[in-house]
Amino acid sequence: MDAREALLSEIAREMRETARWTGRATLSPRVAAALAKVRRAAFVAPGSERAAYENRPLPIGHHQTISQPFVVALMTDLLDLRPGDTVLEVGTGSGYQTAILAELAGKVCSIEVIPELAAGAAAALAGQGYDTIELRTGDGGLGWPERAPFEAIIVTAAAPDIPSALLEQLGLEGRMVIPVGPPHADQELLLIAKGASGSLTQRVVLPVAFVPLTHGVRD
Ligand code: SAH
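Residues numbered from 1 in each chain as written. Predicted model: local features only at pLDDT ≥ 70, side-chain atom pairs only at ≥ 80, totals over all residues. Heavy atoms only, no water.

The element strand β8 (residues 187–194) is extensively covered by neighbouring structure, given that 6 of its 8 residues are classed as buried. The pairing of strand β7 (residues 170–180) with β8 spans 6 bridges and is classified as antiparallel. Its bridge partner being in β8, I178 is matched across the sheet by L190. Between the antiparallel neighbours β7 and β8 lie 6 residues, among them G181 with a positive phi of about 155°. As judged from the 8 bridges shared by β8 and strand β9 (residues 200–208), these two strands associate in the antiparallel manner. Its bridge partner lying in β9, E188 is registered against P207. Between the antiparallel neighbours β8 and β9 lie 5 residues, among them G198 with a positive phi of about 100°. (Buried < 20%, exposed > 50% of the residue type's maximum accessible area, 1.4 Å probe, protein only. Helix = DSSP H or I, 4+ residues; strand = E, 2+ residues; numbered from the N terminus. Pairing = 2+ DSSP bridges.)

Moving on, we get to the packing of helix α1 (residues 3–22) against helix α3 (residues 69–78). Packed helices, taken two at a time, are described by their axes: the angle between them and the distance between them. Their axes nearest at 10 Å, the elements α1 and α3 cross at an angle of 60°. Between α1 and α3, the interaxial angle falls into the category oblique. Our pair here, α1 against α3, has a crossing hand that is right-handed. Judged by residue contacts, L7, I11, E14, M15, T18 and T22 of α1 engage P69, F70, A73, L74 and L78 from α3. Counted by class, the contact of α1 with α3 contains 8 nonpolar, 2 polar and 1 charged residues. (Axes fitted to C-alpha atoms, helices over the stretch in contact; angles between N-to-C directions. Parallel < 35°, antiparallel > 145°, perpendicular 65-115°, else oblique. Left-handed = near helix turned anticlockwise from the far one by under 90°. Contact = heavy atoms within 4.5 Å. Nonpolar A, V, L, I, M, F, W, Y, C, P; charged D, E, K, R; others polar.)

Once that is clear, we can look at the site of the ligand. Taken together, 24 residues surround the ligand, and among them S94, E112, D139, G140 and T214 come closest. Here S94 contributes a side-chain N or O atom positioned 2.6 Å from an oxygen atom of the ligand. V113 is positioned such that a nitrogen or oxygen atom in its backbone is 3.3 Å from a nitrogen atom of the ligand. Relative to its unbound accessible area of 570 Å², the ligand is 100% covered by the protein chains. Within the residue set of the shell around the ligand, elements represented by two or more residues are β2 (64–66) and β4 (107–112). Here the residues of the shell around the ligand sort into 9 nonpolar, 12 polar and 3 charged. (Near = heavy atom within 4 Å. Polar contact = N/O pair within 3.5 Å; in protein donor to acceptor, adjacent residues only side chain to side chain. Areas by Shrake-Rupley, 256 points an atom, 1.4 Å probe, with all protein chains shown as cover.)

Here we take up the pairing of strand β3 (residues 86–90). β3 sits mainly inside the fold: 5 of its 5 residues count as buried. The alternating pattern of β3 places T86, L88 and V90 on one face and V87 and E89 on the opposite face, and all of these are buried. On the question of chirality, the crossover connecting β3 to the parallel β4 by way of helix α4 (residues 96–104) is right-handed. Bridge count for β3 against strand β6 (residues 150–155) is 4 bridges, and the pairing is parallel. (Right-handed = clockwise from strand over helix to strand, strands pointing away.)

Here you go:
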């Protein structure tokens, strides 16, 4: 088995093992196919290529990480993306999650606060041939009002509270996954659903550890 196949079976095992919390024992076939297709090695930092298919986060510079593949898989699966959906990602980072989303949705809008990471992700995504992705540098906690409403929103950095702009920009019958909690500790991955009448429901999916969502002010 090569490293990529081993990673996919590791993700499948972790899905089964966490099913009692996540409610999902297996990935949808579309999500599994996207994970099999996208080359994570094209999105990791130079020198990390050999670790690209290990099931762990990796440093991408600027104190940020490319998310763990299992977490990418789970968060993506929870969004239940359909081919015509417009999805907002907050925290482009390496662009790996962005590429997975582009395999599954009609349009992906992604916001990154660190300009160097945004530029790196843009180059990596262009290099892999993605052209349905719109990237922007700025504070993703404010969402992207000009592109709203979104059928799905994914936030890949943890905030103490759910940014209200994101709740507003989530479309009717839309879904959002977001880690919520203090920096680097005791965070919960939440799945939020907006009903047909605009009512919101949420459930805790799993304990997680994400880098913090900043407010657009970087040192
Ligand atoms: N999905 C990315 C995750 C990167 S880590 C990947 O797998 O590569 C989270 C990212 O969120 C970091 O790149 C960080 O710079 C970014 N981020 C933090 N606060 C942000 C904000 N307010 N707006 C946009 N991006 C933000």
